[in-house]
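Examination of the molecular architecture
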Amino acid sequence: MRTRAAIIREPGKPWEVTELSLDEPRQGEVRIAFKASGLCHSDEHIQTGDSTGRLPMVGGHEGAGVIEAVGAGVTRVKAGDHVVCSFIPACGTCRYCSTGRQNLCDWGAQMMTGMLADGTFRFHDDGGADLGGFCMLGTFAERAVVSQNSCVPIDPYIPFEVAALTGCGVPTGWGTSVYAAGVRPGQTVVIFGAGGVGSNAIQGARYAGAAHVIVVDPVEFKRSKALEFGATHAYASAAEAQEAVVEMTWGQLADHAIITIGVLSAEVVDQAAAIVGKGSQVTVTSVGKSAEKQIQLAANGSVVGWQRRIQGHVFGMCNPLYDIPRLLRLYQSGQLKLDELITRRYRLDEVNQGYQDLDDGKIIRGVIVHEP
Ligand SMILES: [Zn+2]
Ligand SMILES: [Zn+2]
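Residues numbered from 1 in each chain as written. Chains lettered and ligands numbered in written order. Predicted model: local features only at pLDDT ≥ 70, side-chain atom pairs only at ≥ 80, totals over all residues. Heavy atoms only, no water.

This paragraph deals with the sheet that holds strand E1 (residues 2-8). Taking strand neighbours around the barrel as the criterion, the 5 strands line up as E1-E2-E7-E8-E4 in a closed arrangement whose pairing is mixed. Two elements, strand E7 (residues 123-124) and strand E8 (residues 130-133), share 2 bridges in a ladder whose sense is antiparallel. Paired with phenylalanine 123 across the strands is leucine 131, a residue of E8. (Pairing = 2+ DSSP bridges. Helix = DSSP H or I, 4+ residues; strand = E, 2+ residues; numbered from the N terminus.)

Rendered as structure tokens:
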């Protein structure tokens, strides 16, 4: 079978939309027709070379679609099912899945290669090269063969464009506040970066009962959207937020700082550490350049003396099989804004324009809508 897909051959080059051949699903695998895919920053990290993956690679790791065919031994889904693909697979039986930490599933080891369980690839170009899909998915392809472990069945009446976002950005952001930070009622939370992930961290913090949800983002459009998602205050700079937090908390400083900016930097980690008080936590969601060190804090005073924690996490510590359906139910009952996250829709051919708009701060989330 043939499929169109947006791929990266070399870091620093634009996305190339091309046609690939696609193998049939093997043991434990399914063929999915992707209907929608979110434009997440992590794909751009591969495109720029900030993160290093096995190239060439099919981009996209935030998608929803319909199962078209299943290989031998598939029990989780059947042809015709609507699914969200979780960017972390959940096998259900490894050490981490079996202890309620599906976000750390051992199958995540192949995220940067896209290699499937038998050590081979299902995408091939006409020059004979094998391609993996990012996060073992490749949602920038119209069709892909993925492990059933990546699939989370959903109700068929949920729009694909909304469902797609629950494969990465929504659980990552919402879970950052609710699980990784563990925001409690009445707390003060400062969120650095109000994009596709930060907007959901705002919603999670409000849902968990935070009294103050303070956003720091230099882009005016994102600050105004942040207030719609439930932020109580929004500032353009860390210095302005610092001053406000001192006042708001009577000098106690914030309980949580959450970092959901596009590219993690040492400067923002320092700003986050400075805005939280004693016994507090800095939760780091963003990734930075693989070659740099972003977290360098003085133990005296800064960490030990003030008993503060720095917490990293994957996927907001969510369990995909439990949390994706749960988040969609919160959406259906009007307690989670998902339609509002989508600023613009793109055709697959417009993927480079989508990332340009993301870099220009024009969109919260862009979504590729695949043609039938
Ligand atoms: Zn993502
Ligand atoms: Zn597992």
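Here the zinc ion (ligand 2) is held by Cys91 (SG), Cys94 (SG), Cys97 (SG) and Cys105 (SG), and the distances to it run 2.4 Å. One can describe the site at the zinc ion (ligand 2) as tetrahedral: its 4 donor atoms subtend angles covering 103 to 116° at the metal. The exposure class of cysteine 97 is buried, given its relative accessible area of 8%. (Donors = N, O, S within 2.8 Å, 3.2 Å for Na, K, Ca; no water. Tetrahedral: all angles 85-135°; square planar, octahedral: opposite > 155°, others 65-115°. Buried < 20%, exposed > 50% of the residue type's maximum accessible area, 1.4 Å probe, protein only.)

What follows deals with the packing of helix H3 (residues 169-181) against helix H9 (residues 320-332). Orientation of H3 relative to H9, taken along the N-to-C sense of each, is 95°, at an axis distance of 11 Å. Comparing their axes, H9 and H3 come out roughly perpendicular. The residues of H9 that touch H3, namely those facing Val170, Pro171, Trp174 and Tyr179, are Tyr322, Asp323, Arg326, Leu327 and Leu330. When the residues that make up the contact of H3 with H9 are grouped by side-chain class, the tally is 7 nonpolar, no polar and 2 charged. (Axes fitted to C-alpha atoms, helices over the stretch in contact; angles between N-to-C directions. Parallel < 35°, antiparallel > 145°, perpendicular 65-115°, else oblique. Contact = heavy atoms within 4.5 Å. Nonpolar A, V, L, I, M, F, W, Y, C, P; charged D, E, K, R; others polar.)

Glancing now at the coordination of the zinc ion (ligand 1). Protein coordination at the zinc ion (ligand 1): the donors are Cys40 (SG), His61 (NE2) and Cys168 (SG), at 2.0 to 2.2 Å from the metal. If you list the donors of the zinc ion (ligand 1) from N- to C-terminus, the spacing comes out as C-x20-H-x106-C. With cysteine 40 in the loop between strand E3 (29-38) and helix H1 (41-48) and cysteine 168 in the loop between helix H2 (160-165) and H3, this residue pair connects regions lying 128 residues apart in the sequence. Comparing cysteine 40 with cysteine 168 shows no difference in burial state: the two are buried.

Grouped together as the largest cluster of nonpolar side chains are 76 residues, with contacts concentrated most on Ile32, Val58, Phe123, Ile191, Ile202 and Leu338. Per element, the largest residue contribution to this core is 5 residues, and it comes from H9. Residue contacts for isoleucine 191: discarding those within four places in its chain leaves Gly198, Ala201, Ile202, Val213, Ile214, Val215, Val216, Ile258 and Thr260. Core analysis: the next-biggest nonpolar cluster, separate from the first, contains 22 residues, Ile214, Ala241, Val245 and Met248 among them. (Core = buried A, V, L, I, M, F, W, Y, C linked by side-chain atoms within 4.5 Å.)

A separate point is the sheet that holds strand E15 (residues 276-284). Taken in spatial order, the 6 strands line up as E13-E12-E11-E14-E15-E16 in an open sheet, and their pairing is parallel. Each edge of the open sheet carries a strand with a single partner, namely strand E13 (233-235) and strand E16 (309-312). Taking the axes of each pair of neighbouring strands and ignoring which way they run, one obtains an average angle of 20° across the sheet. Pairing analysis gives 3 bridges linking strand E12 (residues 212-216) to E13, with the strands arranged parallel. Bridged to isoleucine 214 within E13 is histidine 233. Most of the contacts of H3 go to E15, to which it runs at about 130°, and overall it touches strand E14 (254-259), E15 and E16.

What follows is about the pattern of salt bridges. All told, the structure shown has 21 salt bridges when counted by the stated rule. Across the salt bridge formed by arginine 31 and glutamate 68, the nearest N and O atoms sit 3.0 Å from each other. With arginine 31 in strand E3 and glutamate 68 in strand E5 (residues 63-70), the pair connects residues that are 37 residues apart, well separated along the chain. Overall, the relative accessible area of 11% leaves arginine 31 in the buried class. The partly exposed category is assigned to glutamate 68, whose relative accessible area is 29%. Aspartate 357 serves as the salt-bridge partner of arginine 344, at 2.9 Å between the closest nitrogen and oxygen. With a gap of 13 residues between them, arginine 344 in strand E17 (residues 342-346) and aspartate 357 in helix H10 (residues 351-359) connect regions that are remote in the sequence. In this structure arginine 344 comes out as partly exposed when scored by relative accessible area, which is 34%. Classification of aspartate 357 as buried rests on a relative accessible area of 3%. Through salt bridges with shared partners, a single ionic network connects Glu24, Arg31, Glu68 and Arg143. (Salt bridge = Lys/Arg side-chain N within 4 Å of Asp/Glu carboxyl O.)

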